[in-house]
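Here is what each chain is made of, one letter per residue.
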Amino acid sequence: MIKIKGVIHEKSIYIFNDRNKIIFWNDMKRSLSPALLYEHCMRLLQQRSDELRNEIAAVQQAANSETKSTAGDKHETARAMAQLEVEMLSSRLSAANGSVETLQRLRQPSSTDIVQPGSVVITSAGTFYLSVSIGAIEIEGEKVMVISLEAPLARAMAGKKYG
């Protein structure tokens, strides 16, 4: 069972001791703020989108420059494989763009000790940023799991306070 030990919001942090007593700081100057994680995740997603666009262009260019050989079947097979590759990359690009849109719609959480979309949650199992599915990242020397709001763990944490 995962125990929530803290919730970080933009200007405050709620940390709980073993007796579930809240220790609260205002005007937080902590490296793991939701705004910092938001910007880092946005850069990662935009970088992923750019890489996928470049891969699609390269595959399309390779398919277009493929000269027709005397073995017509070989040429047609190469073009069909290139088309399948473009479709797969386009699907990944669409997913990355969807993640960017989800992250852009994510409002900054209000200062509260309740876990909500955009919260950074400190648990007994690690630190989680509830936003989009990116996975493990390291930022400011700390490991953070960036998970989708639809992930079972994020759904289990939503609305929780501590304990």
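Residues numbered from 1 in each chain as written. Predicted model: local features only at pLDDT ≥ 70, side-chain atom pairs only at ≥ 80, totals over all residues. Heavy atoms only, no water.

> I'm lost on the nonpolar core in this one. Help?
Residues L103 and Y129 are the most contacted members of the largest nonpolar core, which totals 16 residues. Those elements giving two or more residues to this core turn out to be α1 (34–65), α2 (72–105), β6 (135–139) and β7 (142–148). With five residues, α1 is the single largest residue contributor to this core. With residues up to four places along the chain from it excluded, the contact list for L103 reads Y38, C41, M42, L45, Y129, S131 and V132. A63, V86, L93 and A96 belong to the second-largest nonpolar core, a separate cluster that totals nine residues. (Core = buried A, V, L, I, M, F, W, Y, C linked by side-chain atoms within 4.5 Å. Buried < 20%, exposed > 50% of the residue type's maximum accessible area, 1.4 Å probe, protein only. Helix = DSSP H or I, 4+ residues; strand = E, 2+ residues; numbered from the N terminus. Contact = heavy atoms within 4.5 Å.)

> Would you take a moment to explain the confidence of the model for the protein for this structure?
The predicted coordinates should not be examined in detail at positions where pLDDT is low. On average, residues of the protein score 77 in pLDDT, and 69% of them reach the 70 mark or higher. Low confidence marks residues 16–29, where pLDDT is under 50. Its contacts with residues over four positions away, or in another chain, come to 37 contacts. (pLDDT = per-residue confidence, 0-100.)

> I would appreciate a short explanation of the pairing of strand β4 (residues 120–123) in the present structure.
Looking along a regular strand, one sees side chains alternate from face to face of the sheet. Burial of the side chains of β4 extends over both faces: V120 and I122 are buried on one face and V121 and T123 on the other. Between the antiparallel neighbours β4 and strand β5 (residues 126–131) lie two residues. (Pairing = 2+ DSSP bridges.)

> Help me understand α1 in this model?
The periodicity of an α-helix, 3.6 residues per turn, causes residues three or four places apart in sequence to face the same way. Between its terminal C-alpha atoms α1 stretches 46 Å, which fits the 46 Å expected from 32 residues at 1.5 Å a residue. All of the buried residues in α1 are P34, L37, Y38, H40, C41, M42, L45, S49, L52, I56, V59 and A63. (Expected span 1.5 Å × (residues − 1).)

> Got a minute to help me understand the pairing of β7 in this structure?
Inspection of the sheet shows β5 paired to β7 by four bridges, in the parallel sense. What sits directly across from L130, in β7, is I147. Examined bridge by bridge, β6 and β7 share five bridges and lie antiparallel to one another. Bridge pairing in β7 links G135 to V146. Hairpin remark: β6 followed by β7, antiparallel, with two residues in the connecting loop; positive phi at E140, about 55°.

> Sorry, what's going on with the pattern of salt bridges here?
Opposite charge on two side chains permits pairing when their charged atoms draw close. Summed over all chains, the structure comprises two salt bridges. The partner of R53 in a salt bridge is D50, with the nearest N and O atoms 3.1 Å apart. Placement of the pair is R53 and D50 together in helix α1, with a separation of three residues, close to one helical turn. Between E150 and R155 there is a salt bridge; the shortest N-O distance is 2.2 Å. One exposure class covers both E150 and R155, and it is exposed. (Salt bridge = Lys/Arg side-chain N within 4 Å of Asp/Glu carboxyl O.)

> Looking at this structure, how should I read the side chain of H40?
If you trace the backbone, H40 turns up in helix α1. Given the relative accessible area of 18%, H40 is considered buried.

> Explanation requested: the environment of E76 in the structure shown.
On the secondary structure map, E76 appears in helix α2. In this structure E76 comes out as partly exposed when scored by relative accessible area, which is 45%. Residues E76 and A63 lie 13 residues apart in sequence; the distance between their C-alpha atoms is 10.0 Å.

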